[in-house]
Amino acid sequence: MYALTFCYEACDGNSPYATTIAVSEDKDKLIAQMKECIDEDTQVDEDDEWDEECNYHIFKKCDDTDVYLQHNARTDLYTHYSISEVEVL
């Protein structure tokens, strides 16, 4: 079993948080879901360059299961998507 997790690393006194977006036995489905999320986050909103819901670019990609994004305007703001194996209890 695998889990797709999103982490908002925060800045300027905001609170960081993490959430599990999806869980699946099919790792490829989670990789596809993660790519969709990254595509949404990296869209540029020309009307609002400070929008924290988008306006990111890929900062570091370790492989298809571990990607860090950096905000284009707030360069101290990062998010992180990861897929990891999890144990079901």
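Look a little higher up for the structure.
Residues numbered from 1 in each chain as written. Predicted model: local features only at pLDDT ≥ 70, side-chain atom pairs only at ≥ 80, totals over all residues. Heavy atoms only, no water.

Caption draft 1: Structural context of the overall build of the protein. Tallying secondary structure elements over the protein gives one helix and five strands in all. Relative to its length of 89 residues, the protein is compact, with a C-alpha radius of gyration of 14 Å against a globular reference of 12 Å. C-alpha extents for the protein along the principal axes are approximately 40 × 25 × 20 Å. When the 89 residues of the protein are sorted by exposure, 35% land in the buried category. Intrachain contacts of the protein at a sequence separation of at least 6 include 43% that bridge at least 24 residues. Here the protein has roughly 5,600 Å² of accessible surface; of this, 44% comes from carbon and sulfur atoms. Side-chain charges of the protein comprise 6 positive and 23 negative groups, with the mean position of each set lying 8 Å from the other. (Helix = DSSP H or I, 4+ residues; strand = E, 2+ residues; numbered from the N terminus. Rg over C-alpha atoms; globule rule 2.2 N^0.38 Å. Buried < 20%, exposed > 50% of the residue type's maximum accessible area, 1.4 Å probe, protein only. Contact = heavy atoms within 4.5 Å. Areas by Shrake-Rupley, 256 points an atom, 1.4 Å probe, with all protein chains shown as cover. Lys, Arg positive; Asp, Glu negative; His and termini not counted. Charge placed at Lys NZ, Arg CZ, Asp CG, Glu CD.)

Caption draft 2: Local environment of the side chain of histidine 71. With respect to the helices, strands and loops of the structure, histidine 71 is situated in strand S4 (residues 66-71). Within the structure, the side chain of histidine 71 is placed 3.1 Å from the backbone nitrogen of alanine 73, a separation counted as a polar contact. Discounting chain neighbours no more than four positions away, the residues touching histidine 71 are Glu49, Trp50, Asp51, Glu52, Cys54, Asn55, Tyr56, His57 and Leu77. (Polar contact = N/O pair within 3.5 Å; in protein donor to acceptor, adjacent residues only side chain to side chain.)

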